[in-house]
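Tertiary structure, described
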Amino acid sequence: YEQIGSFRGASLEAETWNPLIASSVNDNLLSVIIDNKQYTNEKYKFYMDDNLDIMMPVSILRDALNCSAHIYDGDRLVVEKHSSNISFSLDQETATVNGDIEKIISPFTMIDNEYYVSLNDLSQYMDYTYSWNMQENEAQAADNSDASIVPTSYDLRTKNRTSEVRNQGSYGTCWSFAALGALESSLLPEESEQYSVDHMTLCNGFNMTQNDGGEYTMGMAYLAAWKGPVYEKDDPYGDNQTNEDLTAVKHVQEMQIIESKDYEKIKEAVFKYGGVQTSIYNALRSSQSSSPYYNKSTDAYCYIGTEKPNHDVVIVGWDDSYSKDNFNTDLEGDGAFICQNSWGDNFGENGFFYISYYDTNIGTHNVVYTDIENTDNYDHIYQSDLCGWVGQLGYNKESIYGANVYTAESNQNLTAASFYATGKDSEYQLYVVKNFEDESSLSNMTPVASGKLSNAGYYTIPFDKQIALDAGERYAVVLFISTPDAVHPLAIEYEADDATADVVLDDGEGYVSANGFEWENVKNVENCNICIKAFSNDR
């Protein structure tokens, strides 16, 4: 017998071997775990390229990596987190990292109108660990830093992410300018639009004029109901006219409310999503007036007192080092938010001003517009709460069941539902009941989604599975919600004051329950509608 050396196979070059590996990986279930949250290629469009890199869709970067990620001019991706600023140019083999040119493994690319970037490259420059497990067909990435995701100063104006400064004139429409300014900011720089304040203030379902003022939940209700937004050019401001026949040009599906005075979360929202609508007490009456709380030479404002908010602005940045000496008031420390006003560009710093962190009201009421979709996202919306979250209902405990009954307008697939979380860390379960007849039908609930929401706000939840409905079929969408420390966790619409005097209560059929077994018609409990909407597509 003769000893024979072990066979090692033919030597294959990477350009031959790598595509074979990538093809095998992509043909199977591919998982990516980022900061302990799993994403799979069954739901998300990511893939392994011929460099054996996992290419992530840019559309999920913001939430997956908890970062700021935006496309400029259609061909440049800017990703920011911690102290890192990384700029990728389309199809280029280098990236700019904090001002330095660096070689990257896989170029930023576009396939079928979707942008992709290498998770390996991102990890390398964002202080993430990255690993690939061939046996599990799984990539893992984890943030290695304990630092805040936001820098000590940030200004959306320098990022081309602020809307145009506008002038409300003598009307009490600041709440609408702030809402739409924040909404427009959240679409920038990818989309630059201007939406109609006249339409939001005159076609919102509330019994109010433009002189009566308003507040953030009114804007949320208008947008959630798909009444708007509409383009400014189709309904110009200040002419005392509107067009109720106009239809929404975007569908706003999520609006988060940041907890009062949580400055870190406010900064994160500005950083990731765009301008944050907030309220202040404004002692100024116009851009030309003076106040002891406003330093005109430094465009710096700070009110400390007991007056309640009377004006809405948009937070577009901050500076932790902004000197307390810039304010007329003697303050404990430095720091200010950069805010956009609606008094034209003759006010402040071309329409912007600084509000001290120590201001009594800044950051108490905060809304950020986190999911704005095109109008082809759903074919139908079912709702009975056009005035939205007016009040709350409950059984003096943290949890409650609510159900709204609707009738399918055609053969459809029910795909999502929306509701308000009235406090942070709310947990929810959604169910659907087909062929609804009466309260007894609610014992036949099919689970369709569940989860937990970090912030209060308005949320649209896609179902785990579609529910087929026949034309004319009555069905119910059931929500179980549990909100820590709440006694009335369910958002309802009812006639609460003069502003809600036009609320219509015969357009809905709702039920509530303390335990999910014994139900009562909500009109027997409280003359109101439940804030649960449903969304479907034709089939």
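It should be noted that the structure appears before, not after, this text.
A few points on the structure.

Each value, and the rule that gives it
- Residue indices begin from 1 for each chain and proceed along its sequence in written order.
- This being a predicted model, a pLDDT of at least 70 is required before a residue's local features are given, and a value of 80 or more before pairs of side-chain atoms are given or counted; all residues contribute to the totals for chains, interfaces and linings.
- Excluding hydrogens and water, the side-chain values take into account all heavy atoms of the structure.
- Here a helix means four or more residues in a row that DSSP labels H or I, a strand means two or more in a row labelled E, and each is numbered from the N terminus.
- Between the two quantities, the radius of gyration covers C-alpha atoms and the globule rule is 2.2 Å times the number of residues to the power 0.38.
- Any pair of residues with heavy atoms lying within 4.5 Å of one another is described as a contacting pair.
- Under the convention used throughout, the expected extent of a helix is 1.5 Å for every residue step, that is, one less than its residue count.
- Three labels apply to residues, based on accessible area from a 1.4 Å probe with only protein chains included: buried if under 20% of the type maximum, exposed if over 50%, partly exposed otherwise in between.
- A strand pair is defined by DSSP finding two or more bridges across the two strands.
- Structural elements are reduced to axes, namely lines fitted to C-alpha atoms, with helices fitted over the stretch in contact, and the angle between N-to-C directions of any two is expressed from 0 to 180 degrees.

Moving on to the overall build of the protein chain. The helix and strand inventory of the protein chain stands at 8 helices and 35 strands. Here the C-alpha atoms of the protein chain give a radius of gyration of 26 Å, agreeing with the 24 Å that 2.2 N^0.38 yields for 539 residues. Counting only C-alpha atoms and orienting by the principal axes, one finds that the protein chain spans roughly 100 × 65 × 45 Å. Contacts spanning at least 24 positions in sequence make up 72% of the contacts within the protein chain whose residues lie at least 6 apart.

To continue, consider unusual backbone geometry. Peptide bonds are, in most cases, trans, and in most cases residues other than glycine have a negative phi. With an omega of 5°, the peptide bond between L188 and P189 qualifies as cis. Note on placement: P189 falls in the loop between α4 (174–187) and α5 (197–202). The amide bond that connects G228 to the next residue, P229, takes the cis arrangement and shows omega of 10°. When you line up the elements, P229 lands in the loop between α6 (216–224) and β15 (251–258). With a phi close to 65°, N113 is a non-glycine residue in the positive phi region. A positive phi angle is found at K261, which is not glycine, with a value near 65°. Tracing the chain through its elements places K261 in the loop between β15 and α7 (263–272).

This part takes up α4. Over its 14 residues, α4 runs 20 Å from end to end, which matches the ideal 20 Å to within 8%, given 1.5 Å per residue. For α4, a buried count of 14 out of 14 residues is recorded, marking the element as mostly surrounded by other parts of the structure.

This part covers the sheet that holds strand β8 (residues 94–97). Strands sit in the order β5-β6-β7-β8-β9 across an open sheet of 5 strands; the sheet is antiparallel. On the outer flanks of this sheet lie β5 (68–72) and β9 (100–103), each paired with one strand and no other. Averaged over neighbouring strand pairs, the angle between their axes works out to 25° when direction is ignored. Inspection of the sheet shows β5 paired to strand β6 (residues 76–81) by 5 bridges, in the antiparallel sense. Looking across to β6, one finds that H70 is bridged to V78.

Let us look at α7. When you tally the buried positions in α7, you get 8 out of 10 residues, the bulk of the element. Within α7 the residues assigned to the buried category are Y263, I266, K267, E268, A269, V270, F271 and K272.

This next bit is on the sheet that holds strand β33 (residues 520–521). Taken together, 6 strands build an open sheet; the order of strands is β28-β27-β30-β25-β32-β33 and the sheet is antiparallel. The open sheet has two free edges, formed respectively by β28 (446–453) and β33, since each of these has just one partner strand. When strand β25 (residues 399–407) meets strand β30 (residues 474–482), the two strands line up antiparallel, connected through 9 bridges. If you follow V405 over to β30, its bridge partner there is A476.

Interpretation note: all reported values are geometric properties and have no functional meaning in isolation.
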